[in-house]
Amino acid sequence: MDQPLWLRCEKKEFEHRAALSPANAKKLIDAGFQISVERDTQRIFNDDEYAAVGCTLVEHNSWPNAPAGTLIIGLKELEISETPIPHTHIQFAHAYKNQAGWKDVLGRFHRGGGTLYDLEFLTDETGRRVAAFGFHAGFAGAAVGALALAAQKQSVKLGKLEPYENEDAMVKDVAGKVGPEINKVRVLVIGALGRCGRGAVELFRKIGVPEDNILKWDLPETAKGGPFDEILDVDIFVNCIYLSSQIPSFVTKDTINAAGPSRRLRVVVDVSCDTTNPFNPIPIYNINTTFSQPCVDVPLSAGLPPVEVVSIDHLPTLLPREASEQFSTDLLPSLLQLPRRQEARVWLEAEELFKKKTAEAVA
């Protein structure tokens with residue numbers, strides 16, 4: 001079969017995850033793939049772990065020089081550039097929902113003759129994504145929200161975040177920092193029935209938030225349309241929805257200001273992170289936050305208690321090994337179909353969507 005696949009490094013700061021784990025790279029090699037792996041000191045898996053299972057190590061960030069016909073796989077978007085892209089890339093591009101710069105991203109592929117298989121839009125027969133970081137995104141997002149609340153109660157701003165060795169270590173740290181007050185914390189998760197929402201709910205349970213204090217909302221609860229006053233009556237609001245079209249805002253600066261000084265809401269975690277999407281249902285902030293600066297203040301009227309927003313767009317990298325292993329395992333069956341991608345439904349549909357969106361971008 002002799003299918004070449006190239007795992008590129010991640011250039012996004014603090015991104016420690018990998019689209020392909022060493023264990024699943026070995027399974028692809030056993031199936032006839034030739035796997036090249038860029039050296040990367042930032043990746044959670046050591047280079048030696050890949051070499052030990054038969055991968056060929058190549059220079060850091062050398063994918064532009066990969067042989068024609070080599071498929072390039074990564075996670076986060078490529079660095080901003082105007083250079084045409086001739087290769088086929090498998091990654092999250094954040095370019096299909098009119099996000100900022102989407103035409104520039106797709107224009108690079110158009111000019112270079114390359115193809116994009118966007119990981120966000122690889123779906124099974126029912127329309128469900130074949131692989132997603134949703135659970136770990138929600139789990140980590142809820143953790144950061146709890147840490148931000150704990151810091152705020154001490155009149156300080158949450159500082160730089162560091163990855164955790166595993167979920168247990170994260171739970172222990174967060175629960176310890178929130179302390180006994182956890183029994184009084186009240187939270188609301190919108191999108192609670194999805195992967196992401198389930199992750200957020202699970203974190204809150206594990207750190208000790210009482211079950212009655214975890215409000216779990218999904219389509220039935222939001223059907224009436226926002227803004228929702230209930231959001232103002234919790235300490236932490238976590239948004240986990242998948243946004244595909246315009247919907248009424250969940251919360252606005254006006255509703256926060258109108259709630260006055262008795263308002264309970266202190267932290268908003270936008271795991272969905274549709275920051276530059278024109279349909280963002282949380283129009284109270286306009287930047288992505290980072291691991292070095294996890295929170296941004298919402299500008300409010302004078303004299304009101306603060307509201308901070310967490311809008312980190314790669315939260316699962318706080319649990320990089322577990323998140324990568326789970327994602328890679330879920331993606332493996334589709335990767336095994338790559339040699340037959342001209343007849344495999346998941347890849348055919350992804351390519352058709354790419355062509356459709358690219359035509360819109362260059363029109």
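Residues numbered from 1 in each chain as written. Predicted model: local features only at pLDDT ≥ 70, side-chain atom pairs only at ≥ 80, totals over all residues. Heavy atoms only, no water.

Asks: Can you help me understand the overall build of the chain in this one?
Replies: Helices and strands together make up the secondary structure of the chain, namely 10 helices and 12 strands. For the chain, whose C-alpha radius of gyration is 21 Å, the value lies close to the compact-globule estimate of 21 Å for 363 residues. When its C-alpha atoms are laid out on the principal axes, the chain stretches across 65 × 45 × 35 Å. A buried classification covers 54% of the 363 residues belonging to the chain. The contacts in the chain between residues at least 6 apart in sequence include a share of 74% that link residues at least 24 apart. Surface accessibility of the chain: about 15700 Å² in total, with carbon and sulfur atoms responsible for 50%. Charged side chains in the chain number 39 positive and 48 negative. The centres of these two groups are separated by 2 Å. (Helix = DSSP H or I, 4+ residues; strand = E, 2+ residues; numbered from the N terminus. Rg over C-alpha atoms; globule rule 2.2 N^0.38 Å. Buried < 20%, exposed > 50% of the residue type's maximum accessible area, 1.4 Å probe, protein only. Contact = heavy atoms within 4.5 Å. Areas by Shrake-Rupley, 256 points an atom, 1.4 Å probe, with all protein chains shown as cover. Lys, Arg positive; Asp, Glu negative; His and termini not counted. Charge placed at Lys NZ, Arg CZ, Asp CG, Glu CD.)

Asks: Could you clarify how one ought to interpret the nonpolar core in this entry?
Replies: Most often, soluble globular proteins have nonpolar side chains that are buried together. Met-170, Val-174, Phe-204, Ile-207, Ile-236 and Val-238 are the most contacted members of the largest nonpolar core, which has 46 residues in total. Among the secondary structure elements, those contributing two or more residues to this core are helix 4 (134-153), helix 5 (167-178), strand 7 (187-190), helix 6 (195-207), strand 9 (236-239) and strand 10 (267-270). No other element matches helix 4, which puts 12 residues into this core. Residues in contact with Ile-207, not counting those within four places in the same chain, are Ala-146, Val-171, Val-174, Ala-175 and Ile-182. Among the nonpolar cores identified, the runner-up in size contains 34 residues, and Leu-28, Ile-73, Leu-119 and Phe-133 belong to it. (Core = buried A, V, L, I, M, F, W, Y, C linked by side-chain atoms within 4.5 Å.)

Asks: Before we go on, may I ask you to explain the side chain of Arg-17 in this structure?
Replies: Positionally, Arg-17 belongs in the loop between strand 1 (3-7) and helix 1 (22-30). Residue classification places Arg-17 among the buried residues on the basis of a relative accessible area of 4%. Side-chain polar atoms of Arg-17 contact the side chain of Glu-15, separated by 2.8 Å. Apart from the residues within four sequence positions on either side, Arg-17 is in contact with Glu-10, Arg-43, Leu-75, Lys-76, Phe-133, His-314, Pro-316, Thr-317, Pro-320, Ala-323 and Ser-324. (Polar contact = N/O pair within 3.5 Å; in protein donor to acceptor, adjacent residues only side chain to side chain.)

Asks: I'm lost on the sheet that holds strand 6 (residues 115-118) in this one. Help?
Replies: Strand pairs in the sheet, formed through backbone hydrogen bonds, run parallel or antiparallel to each other. Here we have 6 strands laid out as an open sheet, ordered 3-2-1-4-5-6, and parallel in their pairing. In the strand order of this sheet, the two ends are held by strand 3 (56-58) and strand 6, each with one partner. Direction aside, neighbouring strands of the sheet carry axes that sit 25° apart on average. Note: strand 5 (residues 88-91) against strand 6, 4 bridges, orientation parallel. Of the residues in strand 6, the one forming a bridge with His-89 is Leu-116. Contacting strand 1 and strand 2 (33-38), helix 1 crosses the sheet at an angle of about 145° to strand 2. (Pairing = 2+ DSSP bridges. Axes fitted to C-alpha atoms, helices over the stretch in contact; angles between N-to-C directions.)

Asks: Help me understand unusual backbone geometry, please; the structure alone is not making it clear to me.
Replies: Cis rather than trans, the peptide bond between Gly-226 and Pro-227 has omega equal to 0°. Structurally, Pro-227 is set in the loop between helix 7 (219-222) and strand 9. One non-glycine residue, Asn-61, lies in positive phi territory at about 55°. Structurally, Asn-61 is set in the loop between strand 3 and strand 4 (71-73). What makes Asn-61 partly exposed here is its relative accessible area of 28%. Even without being a glycine, Asn-98 presents a positive backbone phi close to 60°. Residue placement: Asn-98 occurs in the loop between strand 5 and helix 3 (102-112). Of the residues examined, Asn-98 reaches a relative accessible area of 42% and is grouped as partly exposed.

Asks: Before we go on, may I ask you to explain the pattern of salt bridges in this structure?
Replies: Side chains that differ in charge, positive against negative, can pair when their charged atoms come close. Per the counting criterion, the structure on display carries 25 salt bridges. Note that Glu-230 and Lys-224 form a salt bridge whose closest N and O atoms lie 3.2 Å from each other. Overall, the relative accessible area of 29% leaves Glu-230 in the partly exposed class. Look at Lys-224 and you get exposed, because its relative accessible area is 60%. The partner of Glu-351 in a salt bridge is Lys-355, with the nearest N and O atoms 3.8 Å apart. Here Glu-351 pairs with Lys-355, and both are found in helix 10 (residues 345-362), just 4 residues apart, close to one helical turn. Classification of Glu-351 as buried rests on a relative accessible area of 14%. Residue class for Lys-355 comes out partly exposed when judged on its relative accessible area of 44%. Residues participating in the shared-partner salt-bridge network are Glu-49, Arg-321 and Glu-325. (Salt bridge = Lys/Arg side-chain N within 4 Å of Asp/Glu carboxyl O.)

Fair warning: the whole summary comes from geometry, so function is off the table for now.
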